[in-house]
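# Structural characterization, general
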Amino acid sequence: RRFAKGPFASLDRAACAKATADMEVFRETAAEIIRASAAPTAPEALRSSFVARLAHKEKLAPEDCIQESVSLLIAGHETSS
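Since the structure is predicted, the reported quantities are computational estimates derived from the model, not experimental observations. (Residues numbered from 1 in each chain as written. Predicted model: local features only at pLDDT ≥ 70, side-chain atom pairs only at ≥ 80, totals over all residues. Heavy atoms only, no water.)

## Some details on the side chain of Ser 69
- For Ser 69, the position within the fold is in helix α4 (residues 62-80).
- According to the relative accessible area criterion, Ser 69 is buried, its value standing at 7%.
- If we ignore the near neighbours within four places in the chain, the residues touching Ser 69 are Phe 26, Phe 50 and Val 51. (Helix = DSSP H or I, 4+ residues; strand = E, 2+ residues; numbered from the N terminus. Buried < 20%, exposed > 50% of the residue type's maximum accessible area, 1.4 Å probe, protein only. Contact = heavy atoms within 4.5 Å.)

Next comes the structure, spelled out in structure tokens:
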């Protein structure tokens, strides 16, 4: 790790902890979309969401759908930063 020691060590740990917490919220949200979109009474907007289409039409496992969403989030951030 680049800043494992020295004056920036606490900044590095804090940034890493925040990024980890933020990613967990994103993963939980994607998992909830998958669960909710499986309901027969789910609104069309939810059933047609990207994550729901991966899970139900492409028959990907929920964890694979979540990981694909994370990859796209990071890829989008990298291209717009």
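From this point, the discussion proceeds with the structure in view.
## Structural notes on the confidence of the model for the protein chain
- For the protein chain, per-residue confidence averages 78 on the pLDDT scale, and residues scoring 70 or more make up 81% of the total.
- Within the protein chain, the lowest mean pLDDT, 75, falls on helix α3 (residues 50-56), and the highest, 83, falls on helix α1 (residues 9-37). (pLDDT = per-residue confidence, 0-100.)

## Here's the deal with the nonpolar core
- Among the nonpolar cores identified, the biggest contains nine residues, and these are Ala 30, Ala 31, Ile 34, Val 51, Leu 54, Ala 55, Cys 65, Ile 66 and Val 70.
- Taken together, the elements giving at least two residues each to this core come down to α1, α3 and α4.
- Excluding its chain neighbours within four sequence positions, the residues that come into contact with Ile 34 are Val 51, Ala 55, His 56, Pro 62, Cys 65 and Ile 66. (Core = buried A, V, L, I, M, F, W, Y, C linked by side-chain atoms within 4.5 Å.)

## Looking at the side chain of Ser 37
- Residue position: Ser 37 is located in helix α1.
- A distance of 3.0 Å separates a polar side-chain atom of Ser 37 from the backbone oxygen of Ile 34. (Polar contact = N/O pair within 3.5 Å; in protein donor to acceptor, adjacent residues only side chain to side chain.)

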